[in-house]
Each structure stands twice: as structure tokens, then as C-alpha cells.
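In case you want the letters, here they are:
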Amino acid sequence: MMMRVNDFIRILVALRDGGEVVWQSDLDDPDGGVCSASHRSGLQRAVRLDDILRCVSAGLIVPNHGFDNGLRFRHEYRLTPAGINAAKHLKVPLARALATKPRITNS
């Protein structure tokens, strides 16, 4: 049985495989910012802020570095030792974790 991939899994797999998880915004962004999991190979997928915060609350990731100049901010995250341990047990390849959703069209 194949594991269902959700944003929580995407975050851990992206960081496990050397990617990055970022929350960034401009002051005038009405939605509170953009969150993404990405990899230098070009794979990128939006993730929910709630799932980033859930990973932080669970002790699996912590803020790594970033900036906040009052107009814009960017926060990057990294795995904790517990997150490294959890991520290594996930049998989900990066390409599957960051795959884009197929679009449903009415044709």
C-alpha cells in the first residue's frame, strides 16, 4: 500500500533530500505569505503554513535563518535530530513528494 503524501510529508522529504522549506511574504500580501518546499533540481510545491507550524510544534523542524525588515520577511527551516530520524524512515522519493497535482479540466 502506497503512503499518502501530504504537506507534512512533503516538508520532511524536501529537507531530508537537501531541499528547502520557506515561508515568505511582502507587507502588502493579503494572504499572509507563501510557503513552499523545493529542491535545487527544480522541483517545487506549495505547502500550508499550518503544516510547517505543526512540524515545528512536533519538534521535527526549527527556523534556520531568514530576515524580517518590516516590509518583507523570509523564514527558512531545517530538520532537528528528531526530524532527521523521522524523515529517514519515510519511503517517499523526492519526485513523488514534490510532484504537482494533475489539473482536472472539463473537456
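Details of the structure are given in the entry above.
For clarity, every value in this text was computed on a predicted model and none was experimentally measured. (Residues numbered from 1 in each chain as written. Predicted model: local features only at pLDDT ≥ 70, side-chain atom pairs only at ≥ 80, totals over all residues. Heavy atoms only, no water.)

### Some details on the pairing of strand β1 (residues 20-26)
Look at any regular strand and the pattern is simple: side chains alternate between the two faces of the sheet.
Alright, step 1. Where β1 and strand β2 (residues 34-38) come together, five bridges link them in antiparallel fashion. Along β2, the bridge assignment pairs Gln-24 with Val-34. (Pairing = 2+ DSSP bridges. Helix = DSSP H or I, 4+ residues; strand = E, 2+ residues; numbered from the N terminus.)

### So, the sheet that holds β2
Alright, step 1. With antiparallel pairing, five strands are arranged side by side in an open sheet as β3-β2-β1-β5-β4. On the outer flanks of this sheet lie β3 (44-46) and β4 (61-68), each paired with one strand and no other. On average, adjacent strands in this sheet sit at an angle of 25° to one another, irrespective of strand direction.
Alright, step 2. The pairing of β2 with β3 spans three bridges and is antiparallel. Looking across to β3, one finds that Ser-38 is bridged to Gln-44.
Alright, step 3. Lying over the sheet, helix α1 (residues 7-16) contacts β1, β2, β3, β4 and β5 (72-79), oriented at roughly 75° with respect to β5. (Axes fitted to C-alpha atoms, helices over the stretch in contact; angles between N-to-C directions. Contact = heavy atoms within 4.5 Å.)

### Structural notes on the nonpolar core
Alright, step 1. Ile-11, Leu-12, Val-13, Val-21, Ile-52 and Ile-61 are the most contacted members of the largest nonpolar core, which has 26 residues in total.
Alright, step 2. The set of elements that each furnish at least two residues to this core consists of α1, β1, β2, α2 (49-57), β5 and α4 (94-97).
Alright, step 3. Looking at this core element by element, the count peaks at seven residues for α1.
Alright, step 4. In this structure, Val-13 is in contact with Leu-90, Val-92, Pro-93, Leu-94 and Ala-97, ignoring residues within four places of it in sequence. (Core = buried A, V, L, I, M, F, W, Y, C linked by side-chain atoms within 4.5 Å. Buried < 20%, exposed > 50% of the residue type's maximum accessible area, 1.4 Å probe, protein only.)

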